[in-house]
Amino acid sequence: MKVSYNWLKQFIKIDWNSEETAALLTDLGLEVETVDKYQSVKGGLEGIVIGHVLTCVPHPDADRLKVTTVDLGDGVPVQIVCGASNVAAGQKVPVATIGTVLFDKEGNPFTIKKGKIRGQESHGMICAEDELGLGESHDGIMVLDESLVPGTKAATVFKIENDEVFEIGLTPNRADAMSHLGTARDLRAGMIQSGQNVELITPSVSNFRVDKRTLKIDINVKDSKLAPRYCGVTISGITVKSSPEWLQNRLKAIGINPKNNIVDVTNYVLHDLGQPLHAFDANKITGKIHVQTLEAGTKFITLDDVERSLHEEDLMICDDKGPMCIAGVFGGKKSGVTEYTTAIFLESAYFNPVSIRKTAKRHQLNTDASFRFERGIDPTITEYALKRAALLIQEVAGGEITSDIIDIYPKKAEDFTVFLNFNKVAKIIGQEIPKDTIKQILASLEIKVNSVTDAGLGLIIPAYRVDVQREIDVIEEILRVYGYNNITTSKKLNASVANAPRTEDYKVQNTVASQLNAQGFHEMMANSLTTATYAQLSENLKEEHNVTMLNPLSSDLSTMRQSLLFSGLEALAYNINRKNADLKLFEFGKSYHNFPTGYEEIKHLTLFQTGNRNKENWNYATQPTNFFLLKGNVMSILEKLGIQKATSIPVTTDVFAEGIALGIGQEILVEFGLVKKSILKSFGIKQEVLFADFNWALVLKLVSNKIKFTDIPKYPEVRRDLALLVDTAVTYDAIYKIARQTEKSLLKEVNLFDVYEGNNLPEGKKSYALSFIIQDENKTLEEAQIDKIMSKLQRNFETELGASLR
């Protein structure tokens, strides 16, 4: 939000420099991000003085040029070559002296230098109005009033306005500060606290009166919930033209381009008092004004020439023929003020904030009016702002007030009541503030004290402070005005150490995250809000299970995600499109579901791998990420957490082209595999993506808090190898199970280190080379005992699998 310092000084008399004021506003919570200089004419006409043309003769070597001598008030006339046809002796003219910086039409600076033009010296430049930024005309030089004294600075003649503009990073809750009046109100409170006794000066509307009652337009508000207050008045006999310089300068300073005097006044009052207004051409209104909603699909052309399809909940301002304006958001093309307008209906209203926000987001319209309406303006200022605007319109456009103000306000907004406990104030702030200081701060914020007890204060909060409705809100107001910097801090530092078990969620997360980081993964955090259409990408997800937002920012952020897959794919697509295609990401996050049994949140750990497993290098070839690499990462997490009993079970989700699920019993612990190309296509991803999804609640359940320690065996292990010839249908898993059942105590490890199928083997056969680690933790194994175990293994392989030794 931009705030003009000159404008601010109309509400509060202050002689501080801008740095001091910016510092106080920031301390009050209105953070000043920058302070920019503004000049009504770029450059401020520095170096431009009034000159008196003493002589003017034709240039000897150029037909269109003239050589002049000009008195600049210092007693030493200078020669200036001028190309304007209207230059003549005796004129008073603006002169850019040597070293003056002027600006061209594109805003590029150029410096006036001493030079020669066709052999004649020129010591400056006699200027046209467009060269000074005072207008658009380039027909000739500016000829000024003869009474002006040579040498007078042009900036004083043309009354150049110099201003400073605060760029305030306004937080969404501070609807009360979205105007110069609101900013001045806060500034006053801060100044009173710093010992400066200043008053808030509000514009007077005591001169408002009805001149004639010749143009009454009735108003029909059909839904007072959407339009709790609606005011209007007519003004006739106006002349639509450019605004006076003071009004244009005010608007330009805060970045608004002036349009015409009527629109400029409505913009001025909006930024002056925080009340949006709208002016309709009264001659284009048929019958009554109707404040209502219309049928879905109704077409309406807005001021930007865009035809919009209305929603059934959009509040509209209509006449007997149809819609004229989207209430609180954007005006219509057919009812707008033009240069031919002679009478207007001026609207000032308070609209339901939620309704305005939904409409603005629905039509993707973000205007100064909707910005304020959707945050909640002051419902008590509606009529006052209307009178203020009407008087300004009479001042800049003429005309007469031709109707009484119609104010439809069936249920007046009530102030908020809060009881403030002194002990609670001291407890929250950490320091006892004197009661008289608290009362002074509250009074400076226009918060009334209704009752006083030893325990605290009964307060009445003005209706425009929509962010102050609880005791804690009042304490925050006291603290920000008292000054955070004025709160003393103890020299003693107290800290508490909480002993949390290693199975605490955050500790397990840190353990897994550290391991994944070491394996080259980067942690990501995706928005839990997403689009409802993602549910259509998987048959396992149902749109009726979406958790939808009541007041979404946009259609793309209207639903809580049912799966972490799609938000992860968004991140992958974003990176791939920016030439970062080799990715390993993980995320701890939740999915959200609206099941028939109720709302449910499920926590997940997800892994994403895509692209090459290593970067390009001259001494080794790049290898693409594959399923077995992902499987290794998944198994390493389970091993790190001590989860060993997981078994393969059928995959339940349909997002994988190929996938595996591991579970405990019938509960799925993790599903991982290759994402379907049809899903990747929806995100514009052309390379393979591997995805793993852990049920984090089950992971935490299986992580044991007990750590078992065993001594390192004193006695050596023995390795024996077997090369078995088996049928091609025999799996390593079958061999492994038979080996474990044959010797349960001394057989420590079974490993398959070679598989051979090919020449010199019978048809339908393959060779498995296996190693067996045998160890007795209590004594050294004897050869006879080892041979007995190996013989038993060989016999069982032969009996149960038909195996034979090669």
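Residues numbered from 1 in each chain as written. Predicted model: local features only at pLDDT ≥ 70, side-chain atom pairs only at ≥ 80, totals over all residues. Heavy atoms only, no water.

Assigned secondary structure in the protein chain consists of 20 helices and 41 strands. What you see for the protein chain is a C-alpha radius of gyration of 40 Å, clearly larger than the 28 Å of a compact globule of 806 residues, by over 25%. Principal-axis analysis of the C-alpha atoms places the extent of the protein chain at approximately 130 × 85 × 70 Å. The buried share among the 806 residues of the protein chain stands at 47%. For the protein chain, contacts bridging at least 24 residues in sequence account for 69% of all contacts bridging at least 6. About 42,400 Å² of surface is accessible on the protein chain, with carbon and sulfur atoms providing 48% of the total. (Helix = DSSP H or I, 4+ residues; strand = E, 2+ residues; numbered from the N terminus. Rg over C-alpha atoms; globule rule 2.2 N^0.38 Å. Buried < 20%, exposed > 50% of the residue type's maximum accessible area, 1.4 Å probe, protein only. Contact = heavy atoms within 4.5 Å. Areas by Shrake-Rupley, 256 points an atom, 1.4 Å probe, with all protein chains shown as cover.)

Evaluated as defined, the whole model comprises 34 salt bridges. Taking the shortest distance from any N to any O, the salt bridge between Glu-164 and Lys-37 comes out at 3.0 Å. Of this pair, Glu-164 sits in strand E12 (residues 162–169) while Lys-37 sits in strand E2 (residues 31–39), and the two are 127 residues apart along the sequence. Between Glu-587 and Arg-561 there is a salt bridge, with the nearest N and O atoms lying 3.0 Å from each other. With Glu-587 in strand E32 (residues 583–595) and Arg-561 in the loop between strand E31 (559–560) and helix H15 (564–576), this residue pair connects regions lying 26 residues apart in the sequence. Arg-561 sits in the buried class, given a relative accessible area of 3%. Through salt bridges with shared partners, a single network forms among Arg-174, Asp-176, Asp-186, Arg-465, Asp-467, Glu-477 and Arg-480. (Salt bridge = Lys/Arg side-chain N within 4 Å of Asp/Glu carboxyl O.)

A separate point is the side chain of Gln-292. Summarising the element assignment, Gln-292 is placed in strand E16 (residues 289–293). Since its relative accessible area comes to 14%, Gln-292 is described here as buried. Of the polar contacts made by the side chain of Gln-292, one reaches the side chain of Lys-222; its length is 3.3 Å. Ignoring anything within four residues of it in the chain, the contact list for Gln-292 reads Lys-222, Asp-314, Leu-315, Met-316 and Cys-318. (Polar contact = N/O pair within 3.5 Å; in protein donor to acceptor, adjacent residues only side chain to side chain.)

What follows covers helix H11 (residues 422–429). Turning to H11, its buried residues are Phe-422, Val-425 and Ile-429. Viewed along the axis of H11, the buried residues span an arc of 55 degrees, placing them on a single side of the element. Set apart from the buried face of H11 by more than 90 degrees, the exposed residues are Asn-423 and Lys-427. Residues of H11 that are buried in the fold lie against strand E25 (416–421), helix H12 (435–444), strand E27 (456–461) and helix H13 (471–482). The N-cap of H11, judged by a side-chain oxygen 2.8 Å from the amide nitrogen of Asn-423 a few residues on, is Asn-421. Positive backbone phi, at 85 degrees, marks Gly-430, one or two positions downstream of H11. (Arc of directions from axis to C-beta.)

What follows deals with the pairing of E27. Counted residue by residue, E27 has five buried out of six residues, so it is predominantly covered. Relative to E27, E25 runs antiparallel, the two being bridged by six bridges. The residue bridging Phe-419 from the neighbouring strand is Gly-458, located in E27. In the sheet, strand E26 (residues 448–452) pairs with E27 via four bridges, with the strands oriented antiparallel. For Val-452, the partnering residue across the bridge sits in E27 and is Leu-457. Between E26 and E27, which follow one another and run antiparallel, lie three residues. (Pairing = 2+ DSSP bridges.)

All right, on to the UniProt feature "domain: FDX-ACB" (unreviewed entry) in the protein chain then. Within this structure's numbering, the places UniProt gives as "domain: FDX-ACB" (unreviewed entry) are residues 713–806. Within residues 713–806, the helical portion is 32% and the strand portion 34%, while the C-alpha atoms at the span's ends are 34 Å from each other. (UniProt positions renumbered as here; feature names shortened; annotations may be inferred.)

With that settled, the discussion passes to the UniProt feature "binding site: Mg(2+)" (unreviewed entry) in the protein chain. Feature annotation in UniProt places "binding site: Mg(2+)" (unreviewed entry) on Asp-467, Asp-473, Glu-476 and Glu-477, given in this structure's numbering. Examined against the element boundaries, Asp-473 turns out to sit in helix H13. Apart from the residues lying within four places of it in its own chain, the contact partners of Asp-473 are Asp-467 and Val-468.

Further remarks concern the sheet that holds E12. To summarise the sheet geometry, strands pair through backbone hydrogen bonds and adopt either a parallel or an antiparallel arrangement. With antiparallel pairing, the three strands of this open sheet are ordered in space as E1-E12-E2. For this open sheet the edge positions go to strand E1 (2–4) and E2, each flanked by a neighbour on one side alone. Strand-to-strand twist in this sheet, taken as the mean axis angle between neighbours without regard to direction, amounts to 25 degrees. Judged from the three bridges that link them, E1 and E12 form a sheet pairing that is antiparallel. Pairing of Val-3 across the sheet is with Phe-166, part of E12. (Axes fitted to C-alpha atoms, helices over the stretch in contact; angles between N-to-C directions.)

Turning our eyes to something else, we now look at the packing of aromatic side chains. Here the structure, examined in full by the defined rule, presents 17 aromatic pairs. It is Lys-9 that lies over the ring of Tyr-5; its NZ or CZ is 4.3 Å from the centre. Its guanidinium or amino end placed over the ring of Phe-753, Arg-719 lies 5.3 Å from that ring's centre, counting from NZ or CZ. (Phe/Tyr/Trp six-rings, centres within 6.5 Å; stacked < 30°, edge-to-face > 60°. Lys NZ or Arg CZ within 6 Å of the ring centre and 35° of its normal.)

Moving on, we come to H12. Of the positions making up H12, those classed as buried are Thr-437, Ile-438, Ile-441, Leu-442 and Ser-444. With its buried residues spanning 165 degrees around the axis, H12 presents them on a single face. Where H12 is buried, its residues touch helix H5 (180–193), E25, H11, E27 and H13. Directly after H12, the chain includes Glu-446, whose backbone phi takes a positive value near 60 degrees.

As far as domains go, the protein chain holds domain 1 (2–40 + 162–194), domain 2 (48–158), domain 3 (219–408), domain 4 (416–483), domain 5 (505–702) and domain 6 (718–805). Taking the mean C-alpha position of each, domain 4 and domain 6 sit 82 Å from one another. (Domains from an automatic or database assignment.)

Despite not being glycine, Leu-45 has its phi angle at roughly 60 degrees, a positive value. Of note, the phi angle at Lys-579 is positive, near 65 degrees, even though the residue is not glycine.

Next up on the list: the packing of helix H7 (residues 261–273) against helix H10 (residues 382–397). Helix packing for two helices is described by the angle between their axes and how far apart those axes are. The contact between H7 and H10 brings their axes to 9 Å, and the two run at 140 degrees. By crossing handedness, the relation of H7 to H10 is classed as right-handed. Packed against H7, whose contacting residues are Asn-261, Ile-262, Val-265, Tyr-268, Val-269, Asp-272 and Leu-273, the element H10 presents Tyr-384, Ala-385, Arg-388, Ala-389, Leu-392, Ile-393, Val-396 and Ala-397 at the interface. For the contact of H7 with H10, the class distribution of residues is 12 nonpolar, one polar and two charged. (Left-handed = near helix turned anticlockwise from the far one by under 90°. Nonpolar A, V, L, I, M, F, W, Y, C, P; charged D, E, K, R; others polar.)

Taking strand neighbours across the sheet as the criterion, the five strands line up as E13-E16-E19-E20-E21 in an open arrangement whose pairing is mixed. Edge positions in the sheet fall to strand E13 (219–221) and strand E21 (330–331), since each of these pairs with one other strand and no more. As defined by bridge partners, E13 adjoins E16 across three bridges and the pair is classed as parallel. By the bridge assignment, Val-221 is partnered in E16 with Val-291.

Right, let's talk about the pairing of strand E19 (residues 315–318) for a bit. Of the two faces of E19, the one holding Leu-315 and Ile-317 and the one holding Met-316 and Cys-318 are both buried throughout. As paired elements, E16 and E19 share four bridges and run antiparallel to each other. Bridge assignment links Thr-293 to a residue of E19, and that residue is Leu-315. Connecting E19 to the antiparallel partner strand E20 (residues 323–326) that follows it, the hairpin turn spans four residues, and Gly-322 within it adopts a positive phi of roughly 155 degrees.

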